[in-house]
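# Structural features, examined
Chain by chain, the residues run as shown.
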Amino acid sequence: MSWVSERHLVSAISNAGGFGVIACGSMMPDMLAAEIAGTQALTKKPFGVNLITMHPHLDDLVRVCLEAGVGHVVLAGGIPPGTAVRAVKDGGAKLICFTPALVLAKRLVRSGADALVIEGSEAGGHIGPVSLNVLAQEILPHVHDVPIFVAGGLGRGEAILAYLEMGASGAQLGSRFAAAEESIAHANFKKAFVRAAARDAVPSIQLDERFPVIPVRGLVNAGTKRFLEHQAITLARFQSGELTKDEAQLDIEHFWAGALRRAVIDGDVENGSMMAGQSVGLAARGPWVG
């Protein structure tokens, strides 16, 4: 939800009774500070900030959140480092973490997590290998100390209700909000979401296990097809000795640099990264679509 879950959408969600969360993504501290201030100008309701654990300035981003009085910090994209966990807790904010397995869920609770999100492989963006249906059955019956929110492939209230009956405290939604009227996403981006079917949102493909590709679920377009070609060309350059292993890996990882912004903000839905969950197939079924 980077570039999408910003002040306008976040404030609209919170003002409507939900809980909006700013997607910090690759923002630097000064940009995040401005985004938080902009959101606070649009809503007096609570909202949170999602920070990526691998961000090189994670500690500074946490400090920005605390100084701005953000009450809930979400640490996503990996196991949160102890320094960030302690900073959030010592700063008086609530800590929300993602967990892909029961053993990690218990560990995070012991470490101080105030709530957990279990996100299935149906979700958009960076995903794990297990579906929400299985994660819910694995984790919900055994973790009762903190609220647990379900995520991934959710597009109807009845589905959310089913997970609430299983013990979840709420749900995290992304793809459906990306197509909302309040979303600043480009019209081309929204139209692609409305036209898409669930089967169009697929994980990125890895050609060679020596060069791992973090699976990202998104809509298939010209960019995803070229990514396969790029991997094949890079692999051939490595095998010929033109590139070292590290150079080849970096070349593969840089392919998508800036691609999400190209799709969301610039509207280049053919070459940009169209991150979407499988619930994108339900995006057209509601009055919230812009």
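Described below are features of the structure shown in this document.

About the thresholds
Residues numbered from 1 in each chain as written. Predicted model: local features only at pLDDT ≥ 70, side-chain atom pairs only at ≥ 80, totals over all residues. Heavy atoms only, no water. Helix = DSSP H or I, 4+ residues; strand = E, 2+ residues; numbered from the N terminus. Rg over C-alpha atoms; globule rule 2.2 N^0.38 Å. Buried < 20%, exposed > 50% of the residue type's maximum accessible area, 1.4 Å probe, protein only. Contact = heavy atoms within 4.5 Å. Areas by Shrake-Rupley, 256 points an atom, 1.4 Å probe, with all protein chains shown as cover. Lys, Arg positive; Asp, Glu negative; His and termini not counted. Charge placed at Lys NZ, Arg CZ, Asp CG, Glu CD. Phe/Tyr/Trp six-rings, centres within 6.5 Å; stacked < 30°, edge-to-face > 60°. Pairing = 2+ DSSP bridges. Axes fitted to C-alpha atoms, helices over the stretch in contact; angles between N-to-C directions. Polar contact = N/O pair within 3.5 Å; in protein donor to acceptor, adjacent residues only side chain to side chain. Arc of directions from axis to C-beta. Parallel < 35°, antiparallel > 145°, perpendicular 65-115°, else oblique. Nonpolar A, V, L, I, M, F, W, Y, C, P; charged D, E, K, R; others polar. Core = buried A, V, L, I, M, F, W, Y, C linked by side-chain atoms within 4.5 Å. Salt bridge = Lys/Arg side-chain N within 4 Å of Asp/Glu carboxyl O. Right-handed = clockwise from strand over helix to strand, strands pointing away.

## A closer look at the overall build of the protein
Summing up its helical and strand segments, the protein has 12 helices and 10 strands in all. Against the globule reference of 19 Å for 290 residues, the protein gives a C-alpha radius of gyration of 19 Å, in line with a compact fold. When the backbone C-alpha atoms are referred to their principal axes, the protein occupies close to 55 × 45 × 40 Å. For the protein, the residues scored as buried account for 44% of the 290 residues in total. Contacts in the protein between residues far apart in sequence, at least 24 positions, make up 57% of those at least 6 positions apart. As displayed, the protein offers around 13,900 Å² of accessible surface, 56% of which is attributable to carbon and sulfur atoms. Seen as two clouds, the 25 positive and the 28 negative side-chain charges of the protein have centres 4 Å apart.

## Describing the packing of aromatic side chains
Counting across every chain of the model gives five aromatic pairs. Between F211 and F238, the ring centres sit 5.1 Å apart and the planes meet at 80°, which makes this aromatic pair edge-to-face. Separated by 27 residues along the polypeptide, F211 in the loop between β9 (201–203) and β10 (216–219) and F238 in helix α10 (residues 222–239) bring together distant segments of the chain. The interplanar angle of 85° and the centroid separation of 5.0 Å between the aromatic rings of F255 and W256 together place this pair among those described as edge-to-face.

## Some points on the sheet that holds strand β3 (residues 72–76)
Read from one edge of the open sheet, seven strands run β1-β2-β3-β4-β5-β7-β8, paired in parallel fashion. Across the chains shown, the open sheet's two edge strands, defined by having one partner strand only, are β1 (21–23) and β8 (170–172). When the angles between neighbouring strand axes are averaged without regard to direction, this sheet yields 25°.

## What about the side chain of H55?
With respect to the secondary-structure elements, H55 resides in the loop between β2 (48–52) and α3 (58–67). Separated by 3.0 Å, the side chain of H55 and the backbone nitrogen of H57 make a polar contact. Other than its neighbours up to four places away in sequence, H55 contacts G25, S26, M27, M28 and L61.

## Description of the sheet that holds β10
With respect to topology, three strands assemble into an open sheet ordered β6-β10-β9, the strand pairing being antiparallel. Only two strands of the sheet have a single partner each, and these edge strands are β6 (125–126) and β9. The sheet contact formed by β9 and β10 spans three bridges and is antiparallel. Residue pairing across strands places A201 opposite L219, the latter belonging to β10.

## A word on helix α11 (residues 245–253)
For α11, the set of buried residues is A248, Q249 and I252. In a view along the axis of α11, the buried residues occupy a sector of 100°, so they form one face of it. On its buried face, α11 is in contact with α10.

## A closer look at the packing of α3 against helix α4 (residues 82–90)
Running from N to C, α3 and α4 cross one another at 10°; their axes reach a closest spacing of 10 Å. Between α3 and α4, the angle falls in the class roughly parallel. Between α3 and α4, the contacting residues are L58, D59, V62 and L66 on the first element and T83, A84, A87 and V88 on the second. Among the residues making up the contact of α3 with α4, the classes are represented as six nonpolar, one polar and one charged.

## Some details on the nonpolar core
Core analysis: the largest hydrophobic core is formed by 44 residues, its most contacted members being L32, I36, V49, L51, L116, I118 and V143. Look past the residues within four positions of L32 in its chain and what remains in contact with it is I22, C24, M27, V49, L51, L61, V64 and C65. Residues I13, A178, F193 and A196 belong to the second largest nonpolar core, which totals 19 residues.

## Observations regarding the pattern of salt bridges
Across all of its chains, the model carries eight salt bridges by this definition. Between E35 and R7 there is a salt bridge, and its shortest N-O distance comes to 3.0 Å. With E35 in helix α2 (residues 29–42) and R7 in helix α1 (residues 7–15), the pair connects residues that are 28 residues apart, well separated along the chain. Residue E35 is classed as buried on the basis of its relative accessible area, which comes to 9%. Where E67 meets R63, a salt bridge forms, and the shortest distance between an N and an O atom there is 3.5 Å.

## Topic: unusual backbone geometry
In the Ramachandran plot, W3 falls in the positive-phi region, its phi being about 75° despite a non-glycine side chain. One can find W3 in the segment before α1.

## Here's the deal with the pairing of strand β4 (residues 94–98)
A large share of β4 lies buried, amounting to four of its five residues. Judged from the four bridges that link them, β3 and β4 form a sheet pairing that is parallel. In the sheet register, H72 faces β4, and the bridge partner there is K94. Viewed along the sheet, the connection from β3 through α4 into β4 turns out right-handed. Note that the unit made of β4, helix α5 (residues 102–111) and strand β5 (residues 115–119) has a crossover that is right-handed.

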